[in-house]
Amino acid sequence: MTKSVAIFLDTVGLKCPKPILKIAIKVAELKPNDILEVAGDCPTFEYDVRDWCKRLKKKIVSVSNENGTKKRIQILL
């Protein structure tokens, strides 16, 4: 199984539910075992992504904070 960062998706400035909608659209373009890295600054961004991953059985590889207001989350598809 080869993992690679397939695409970076910037959802900074978007508020719920737009980041999740953008993620869902982008995931449809990718292959299993690709990694989607998403940046967001919505207050509920991490919670929303975790909930979406749980419902769709996707795995979060990493979560990192940037400047205290923005997060980057890598999702294994």
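Before reading on, note that the structure itself is shown above.
The structure reproduced in this document is the subject of the present report. Keep in mind that what you see is a predicted model, and the values were worked out from it rather than measured.

How each quantity is defined
- Residues numbered from 1 in each chain as written.
- Predicted model: local features only at pLDDT ≥ 70, side-chain atom pairs only at ≥ 80, totals over all residues.
- Heavy atoms only, no water.
- Helix = DSSP H or I, 4+ residues; strand = E, 2+ residues; numbered from the N terminus.
- Polar contact = N/O pair within 3.5 Å; in protein donor to acceptor, adjacent residues only side chain to side chain.
- Buried < 20%, exposed > 50% of the residue type's maximum accessible area, 1.4 Å probe, protein only.
- Contact = heavy atoms within 4.5 Å.

In this section: the environment of Glu-66. Mapped onto the elements, Glu-66 comes out in strand β3 (residues 59–66). Here the alpha-carbon distance between Glu-66 and Asp-34, two residues 32 residues apart in the chain, equals 23 Å. Within polar-contact distance, the side chain of Glu-66 engages the side chain of Arg-72 at 2.4 Å.

Here we take up the environment of Cys-53. With respect to the helices and strands, Cys-53 occurs in helix α2 (residues 45–56). A relative accessible area of 2% means that Cys-53 is categorised as buried. Each C-alpha atom, one on Cys-53 and one on Lys-22, is 14 Å from the other, the two residues being 31 residues apart in sequence. Excluding anything up to four places from it in sequence, Cys-53 contacts Lys-58, Ile-60 and Ile-75.

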